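Chain by chain, the residues run as shown.
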Amino acid sequence: MKNILFVVDKDVQWFKERISWYQNTLSKNNIEYPIMDFQLKPMTKKELAKFFEQDVLTIKKAITEMEKQTNYKTRNYHNGILYIGKEQILWLLKNKFKRTYIKFLEQYKMELAEIYKANGGFYDNYFYRN
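Values in this document were obtained by computation on a predicted structure and should not be read as measured data. (Residues numbered from 1 in each chain as written. Predicted model: local features only at pLDDT ≥ 70, side-chain atom pairs only at ≥ 80, totals over all residues. Heavy atoms only, no water.)

Peer 1: Give a description of the overall build of the protein chain that names residues and reports values.
Peer 2: Along the protein chain, the regular secondary structure elements total five helices and two strands. Starting at the N terminus and walking to the C terminus, you meet the elements of the protein chain as α-α-α-β-β-α-α. The buried share of the protein chain, taken over its 130 residues, is 35%. Taking contacts inside the protein chain between residues at least 6 apart in sequence as the whole, the part at least 24 apart equals 66%. Here the protein chain displays about 9000 Å² of accessible surface, and carbon together with sulfur accounts for 51% of that area. (Helix = DSSP H or I, 4+ residues; strand = E, 2+ residues; numbered from the N terminus. Buried < 20%, exposed > 50% of the residue type's maximum accessible area, 1.4 Å probe, protein only. Contact = heavy atoms within 4.5 Å. Areas by Shrake-Rupley, 256 points an atom, 1.4 Å probe, with all protein chains shown as cover.)

Peer 1: Can you lay out the packing of helix H2 (residues 45-52) against helix H3 (residues 56-69) for me, pointing to particular residues and giving the numbers?
Peer 2: As a packed pair, H2 and H3 sit with axes 9 Å apart at the nearest point and diverge in direction by 105°. With respect to their mutual orientation, H2 and H3 come out roughly perpendicular. Of the residues in H3, those in contact with Lys45, Lys46, Leu48, Ala49 and Phe52 of H2 are Val56, Ile59, Lys60 and Ile63. Among the residues forming the contact of H2 with H3, the class breakdown is six nonpolar, no polar and three charged. (Axes fitted to C-alpha atoms, helices over the stretch in contact; angles between N-to-C directions. Parallel < 35°, antiparallel > 145°, perpendicular 65-115°, else oblique. Nonpolar A, V, L, I, M, F, W, Y, C, P; charged D, E, K, R; others polar.)

Peer 1: An account of the layout of surface pockets is needed here, citing residue identities and associated values.
Peer 2: Approximately 170 Å³ is the volume found for the second largest pocket. Of the residues that constitute the lining of the second largest pocket, the class distribution is six nonpolar, two polar and two charged. (1 Å grid on protein atoms, 1.4 Å probe; cavity = no way out; pocket = protein on both sides within 12 Å on 5 of 7 lines; lining within 4 Å. Points joined across faces, edges and corners; volume = space filled by probe spheres on them.)

Peer 1: Break down the confidence of the model for the protein chain for me, citing the residues and quoting the values.
Peer 2: Averaged over every residue, the pLDDT of the protein chain is 88; residues scoring 70 or more account for 89%. For the protein chain, the element scoring lowest by mean pLDDT is strand E1 (residues 76-78), at 85; H2 scores highest, at 96. (pLDDT = per-residue confidence, 0-100.)

Peer 1: Lay out the nonpolar core with the relevant residues and their values.
Peer 2: What tends to happen in soluble globular proteins is that the nonpolar side chains get buried as a cluster. Of all hydrophobic cores here, the largest spans 34 residues; its most connected members are Leu48, Phe52, Ile59, Ile89 and Leu92. If we ignore the near neighbours within four places in the chain, the residues touching Phe52 are Ile59, Ile89, Leu92, Leu93, Phe97 and Thr100. (Core = buried A, V, L, I, M, F, W, Y, C linked by side-chain atoms within 4.5 Å.)

Peer 1: So, the packing of H2 against helix H4 (residues 86-95): which residues are in play, and what are the values?
Peer 2: Look at H2 against H4: their axes get within 12 Å of each other, and the N-to-C directions meet at 35°. Our pair here, H2 against H4, has a crossing hand that is right-handed. Residues Leu48, Phe51 and Phe52 of H2 lie in contact with H4, whose contacting residues are Ile89, Leu92 and Leu93. Its residues assigned to classes, the contact of H2 with H4 shows six nonpolar, no polar and no charged. (Left-handed = near helix turned anticlockwise from the far one by under 90°.)

Peer 1: For H2, give the residues involved together with the corresponding values.
Peer 2: Taken residue by residue, H2 has Leu48, Ala49 and Phe52 as its buried positions. In a view along the axis of H2, the buried residues occupy a sector of 105°, so they form one face of it. Residues of H2 that are exposed and point more than 90 degrees away from the buried face comprise Lys46 and Lys50. Here the buried face of H2 lies against H3, H4 and helix H5 (98-118). (Arc of directions from axis to C-beta.)

Peer 1: With reference to specific residues and values, describe unusual backbone geometry.
Peer 2: Trans is the common state for peptide bonds, and a negative phi is the common state for residues other than glycine. In the Ramachandran plot, Gln39 falls in the positive-phi region, its phi being about 50° despite a non-glycine side chain. Tracing the chain through its elements places Gln39 in the loop between helix H1 (2-28) and H2. Within the chain, Asn79 stands out as a residue other than glycine whose phi angle is a positive 55°.

Peer 1: Pulling in residues and values, what's your account of the packing of aromatic side chains?
Peer 2: The relative placement of two aromatic rings is captured by the distance of their centres and the angle of their planes. Applying the stated rule across the entire model yields nine aromatic pairs. Taking the centre distance of 5.3 Å and the plane angle of 75° together, the rings of Trp21 and Tyr116 count as edge-to-face. Of this pair, Trp21 sits in helix H1 while Tyr116 sits in helix H5, and the two are 95 residues apart along the sequence. Taking the relative accessible area as the measure of exposure, Trp21 reaches 34% and is therefore partly exposed. The exposure class of Tyr116 is buried, given its relative accessible area of 17%. (Phe/Tyr/Trp six-rings, centres within 6.5 Å; stacked < 30°, edge-to-face > 60°.)

Right, here's the structure in full:
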């Protein structure tokens, strides 16, 4: 299991490095690009389970672990329904559900690659990984 987590962490690092390279290159050439926005909204545990493609019990355990590790107040009720806030979801995304995080990073990297390519840059063929 630790090897899998190591590979996932390496993938996150790789995408962040490529995103940073695109952002720096586009900025140097005065080319506008969108800021990475996860477009998160407060969600219930059921909505989070669907969002992260996980079981509700897994979401509950991750929320409990997040509360122990952080000072986030996650118990926000609206009309008697528990909602998890954007900041907490972002923490879960980056720390507990990294495969979903990688999907966001990959999508954003490809968006930047398309902008780069549309402005005369060569297609990203970094070690044959796009």
